[in-house]
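# Structural overview
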Amino acid sequence: MHEVSVMESVSEIAIARAREVGAPHIHQLQLEVGEFSGVVVDALEFAFDVVVAGTMLEDAGLEYHLSSRLGENCCDRPHGIRSEAAAMPSTNGCDCRRFGNG
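Residues numbered from 1 in each chain as written. Predicted model: local features only at pLDDT ≥ 70, side-chain atom pairs only at ≥ 80, totals over all residues. Heavy atoms only, no water.

When helices and strands are counted, the protein chain shows 2 helices and 2 strands. Along the chain direction, N to C, the helices and strands of the protein chain fall in the order α-β-α-β. Looking at the 102 residues of the protein chain, the share that counts as buried comes to 30%. For the protein chain, the exposed surface amounts to about 6700 Å²; the carbon and sulfur share of it is 51%. (Helix = DSSP H or I, 4+ residues; strand = E, 2+ residues; numbered from the N terminus. Buried < 20%, exposed > 50% of the residue type's maximum accessible area, 1.4 Å probe, protein only. Areas by Shrake-Rupley, 256 points an atom, 1.4 Å probe, with all protein chains shown as cover.)

It is worth spelling out the nonpolar core at this point. If you look at the biggest cluster of nonpolar residues, it comprises 18 residues, and the most contacted ones within it are Met7, Ile26, Leu29, Leu31, Leu44, Phe48 and Leu57. Where this core is concerned, the elements lending two or more residues are α1 (2-20), β1 (28-34) and α2 (41-51). If one sorts the elements of this core by residue count, α1 sits on top with 5 residues. With residues near it in sequence (within four places) discarded, Met7 still touches Leu29, Leu31, Leu44, Ala47, Phe48, Val51 and Leu62. (Core = buried A, V, L, I, M, F, W, Y, C linked by side-chain atoms within 4.5 Å. Contact = heavy atoms within 4.5 Å.)

This is the structure:
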């Protein structure tokens, strides 16, 4: 169940950032989960409850949404795995296919 390790890493990052800015606790954790990441949403929710117990995230809400975006955009257009832009030829020096989109 890699959801636990994912949530451990996410919570460590969130807590470190909160401490950097002097936040006493975190109210909401928002995640973008890759559609093909292999993350099981129910397992992610369970992992969240287990991992955040006793931390500044303990009373935080977990909000997430599935995304099919690929890495960095090469032309400032969103590139979904199934998007029509993925099949577009190179324009303005952009070759969207270099991200596995074409």
